[in-house]
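This is what each chain is made of:
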Amino acid sequence: MVKEDDFSLKQLVLLALLTAINVVVSRIFIIPMPLTHGNINLCDAIIYLVALLYGPVAGGIVGGLSGFLLDLLGGYGQFMLFSLVVHGLEGFFVGLVFRYWNLGNQIVKGVIAGVVGVFFMVAGYFVTNTVLYTFAAGLASLFTNTIQGVVSVVIAIVLLPSLQHLMARYG
Amino acid sequence: MSYLSLDDVSYSYDNKNNAVESVNLEFELGEAVAIIGQNGAGKTTTVKMMNGLIRPDKGRVLLDGKDTKGISVAQLSHHVGYVFQNPDEQIFQDSVEKEIAFSLKKQKLPQTEITTRVKDAARLCHLDNKLNEHPYNLPYSQRKFVTIAAIIAMNPEVMVFDEPTAGQDHNSIIRLNKIIKKLTSMHKLVITITHDMSFVVNNFKRVIVFAQAHKQKEGSPAEIFSDESLLRKSKLEPPVIGQLAKKLGFSNVLTVTDLLRVVN
Amino acid sequence: MSLIELQHINYRYPLTSDLTIKDLSLKVEPGEVLGVIGSNGSGKTTVCNIMRGFIPAFYKGELEGKVIFEDKPLDTSNLGRLAQKIGYAFQNPFTQITGVKYTVYDEIGYGLENLSVPREEANEKVEQVIKLLNLEKIRNQNPYDLSGGQKQMVALASVIVLDPELIILDEPTSQLDPSSTLAVYNIVKNLKKQGKTIIIVDHKVDLLAQVCDEIAVIQDGQLVVKGETHHVFSDEKVVAAGGQIPEVSAFYLKKYPKSKQVPVTVDEAYEMLKEAKA
Amino acid sequence: KSLYPSTKALIVLLLILLSMMSSKWQVQLCLIAVTMILALFSGTLVRLIKLFFESLALIVVFLFVLQVFFISYPDSHKIWWVIKFSQTGLNTAIMLASRIIAISLPIIWYFLVTSSDVIIQALDQTKLPKKAIFVLASTIQVVPQLMWQSNIINEAQQARGVETTGSLWQRIKTFIPMMGPLVLSSVEQNEEKVLTLQARGFSNPTPRTTLHHISKKKIDYLLDIILCLILVVFVIWGGKFL
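Residues numbered from 1 in each chain as written. Chains lettered and ligands numbered in written order. Predicted model: local features only at pLDDT ≥ 70, side-chain atom pairs only at ≥ 80, totals over all residues. Heavy atoms only, no water.

S.K.: Is there a simple way to explain the nonpolar core in this structure?
M.R.: Soluble globular proteins: nonpolar side chains tend toward being buried together. Membership of the largest hydrophobic core comes to 68 residues, with the highest contact counts inside it found for Ile108, Ile200 and Phe233 of chain C. No other element matches the six residues that helix H5 (residues 148-160) of chain C contributes to this core. Other than its neighbours up to four places away in sequence, isoleucine 108 of chain C contacts Val126, Ile130, Leu135, Val154, Ala157, Ser158 and Val161 of chain C. Residues Val23 of chain A together with Leu14, Trp109 and Val143 of chain D belong to the second largest nonpolar core, which totals 67 residues. (Core = buried A, V, L, I, M, F, W, Y, C linked by side-chain atoms within 4.5 Å. Buried < 20%, exposed > 50% of the residue type's maximum accessible area, 1.4 Å probe, protein only. Helix = DSSP H or I, 4+ residues; strand = E, 2+ residues; numbered from the N terminus. Contact = heavy atoms within 4.5 Å.)

Right, dumping it as structure tokens:
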């Protein structure tokens, strides 16, 4: 896991802040999606962005923690612990692929990292729904979560350059 | 008929205690008015009614004779500009120029019009050589001028400043002073909430005092700061020169120039 | 012997071309209350950051010159440990809530926990500070639910409770209303009585002049003048440097130009005017 | 209610595990009853039920209706158009609904009887790295703070002509003006926040002390042991009963 001095205090405060921002943004901005009878929120997009910008560990922490807190605050207590793991892995692997797998230009890398992330998220919730409910519920979640994931990857890739710009300013 | 009037307005945040109770106010174009009082006295709640951010539970807000009920904040913003206390709650563009131009672009004004308006507003706020800077590279006090310029560029008839003097140094306060003079000379109505009493006596002819959700009194600085019981009730202190003048036996003297005159 | 001394400090922030601080030297004696004034962007906050060791330990950039604290070069290797020696409060009340504690009481005690103060002693200290700053009413509230003025008081309390030798207050009242501002200054007066060394940056010169033994004026990263309060405000250099002087001093100077000593409070002004007439 | 946080967590964990291991709705009902009793004793029953209806009831009903009337099973018979009824569906639906309720109620209950400051306090006393605790604690506290700030930003942007209500497209357009200041000012304030923590001695190397201490009582330890035993028993022989 993380060694004590792997994270400076500055990064630590930033992680907490990013997680909080993710929770707030995901709760405020909900895009109604006609196709899925549900909503798309920006939670995954922000997890991808954090992972792309700050690497696997940050992605994992922000992902896991914000998934956990969102379910807690949203009243989906039964999902809470699963989300911690699923979104945590999602963020971690997006960061890992993007940072350490040399695949050419940033967009290609971002897309591939994103696809890996979507895979973890979709598979994770398939398992979650199967365990918690039924196999059918698991299957049903595949479709909605794939849409959620793909939209998130697109949003993340679009916003990435301007945020990299911002990050260069604040370090 | 005055340009902006609050007609017996009341408002409460929690349905129990009124934050503002039965307030009547009339404003004309070309005026500069200061609103003073302790935090929690109802100042901000009152001015937020002027641009519709808060809708009165009771009473009406009339702009140019028309009830503002049912007009959205965004629409009202073309007539009533509001500068929030903390500039960081509205700045998001990556240059001062874009930040000032943001609302104008939303209105789809022609580019030449936008350019002149941005330039004029920036010049008034001493930002003309900062237009290409990132707002967050500027110190806090200058970011505040960025938000002031952004509202001035929208060219509304009424401008509300919420504590523009907080955190400002001597020169910036002089600059604010000039901005307010210029705006009133352009026949604008300027309403300012402030805690700085010497700023009040040096710049405003009309002062409104709030305490405990009520408008306590309005009048000239001299009328306000000579009313001992009012000051006690609203926990206000006259500016130091006023205190000194009183000790020396002069009433209604509030500024350095006035005191010099009477002493000599 | 001085408590803290800056010797020929030059400092440049990263990615900037100009020096923010230029050859600045400054001494603060133990028990002294020093007011620092100057226009925005003149480098006041930077000077405070250097004294607290935030520069160079947190903000990088090029720092030249020496900072001597208690006769030794300031040890900036661990900023946390330094908290027992130098207290620091900021301008913005909102950033000064740590966010990890749920009551004012715990927030004030957070520093003591970090500095390994034993439980009983820590609780005693927190109680004392709560009494000193009159925070009884809000002790069980969540710090985030407080007003700006109250937050600033809690921030001050959190610094005072660590009982540091030197307290640096960087524009502690700029976002506060008049009654909260007065409360902050009353605390400073109290600390002064206890013999604390305090450095305050503020634009409210009328209040600053009442508590400060000395005033330093900074312009463009340089020390323009430093001296005894009543003398400093008679110095033309202060106004020339964009510094504000107390209104009563300004009045007195206009009435009696070329005075070497000016009043800074209403009472002083009254006395001095009476004397001058007589 | 006055139990130690981790003991309460253990109760919740046990209830959830049992619910997941079991495939009988009767067992689920028992578990729900147990939670209700717990809530009754801690004086939170009314709020528990209220919260349940606010958050979960709709989903439960939705799933129930979906299972019973829409999903095809071998024994489905058509009622009208796509609506059909099946006994298997009904059984599955009862099972599913009771399980969701059985899992989520204990969790809601836990957060009703355990305030987050107590959880943080308990974590503080463990040997977990203080940085991890810091991230968790500060995130939980900052969320409402940011929510509040986003309201002010909303007002500030309306005041410069941004329409924040209306059509979907209208609201998407407000995204940048809303999020920009929120992110920028938070990041901007980040440095000062870090320095504040330093000024409170955060990175002091000596071990932390704590102002308060909440201790495990005998009953906590006792319950811990009993709960673990129950768990072990069910894991080994549970299959037969569940």
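Anyway, onward from the coordinates.
S.K.: Please clarify how the interface of chain D and chain A should be interpreted in this entry.
M.R.: Much of the literature gives interface size as the accessible area that the parts lose upon coming together. The interface is formed by 45 residues belonging to chain D together with 38 residues belonging to chain A. Counting every contact that joins chain D to chain A gives one salt bridge. Ionic pairing is found between glutamate 191 of chain D and lysine 10 of chain A, a salt bridge with its closest N-O pair at 3.7 Å. Looking at the side of chain D that touches chain A, the elements that each hand over two or more residues are helix H4 (57-70), helix H5 (87-113), helix H7 (130-158), helix H8 (168-173) and helix H9 (175-199) of chain D. Ranked by residue count, the leading element in the side of chain D that touches chain A is H9 of chain D, at 15 residues. By residue class, the composition of the side of chain D that touches chain A is 28 nonpolar, eleven polar and six charged. (Salt bridge = Lys/Arg side-chain N within 4 Å of Asp/Glu carboxyl O. Nonpolar A, V, L, I, M, F, W, Y, C, P; charged D, E, K, R; others polar.)

S.K.: Before we go on, may I ask you to explain the sheet that holds strand S7 (residues 166-170) of chain C in this structure?
M.R.: Residue and element names in this part refer to chain C. With respect to topology, six strands assemble into an open sheet ordered S6-S7-S8-S3-S9-S10, the strand pairing being mixed. Two strands lie at the open edges of the sheet, namely strand S6 (86-89) and strand S10 (222-228), each paired on one side alone. Pairwise comparison of adjacent strand axes, ignoring direction, gives a mean angle of 15° for this sheet. Sheet topology note: the strand S3 (residues 33-37)/strand S9 (residues 214-219) ladder contains four bridges and is parallel. Residue pairing in the sheet places valine 36 in a bridge with alanine 216 of S9. Seen against the sheet, H5 touches S6 and S7 and runs at an angle of roughly 175° to S6. (Pairing = 2+ DSSP bridges. Axes fitted to C-alpha atoms, helices over the stretch in contact; angles between N-to-C directions.)

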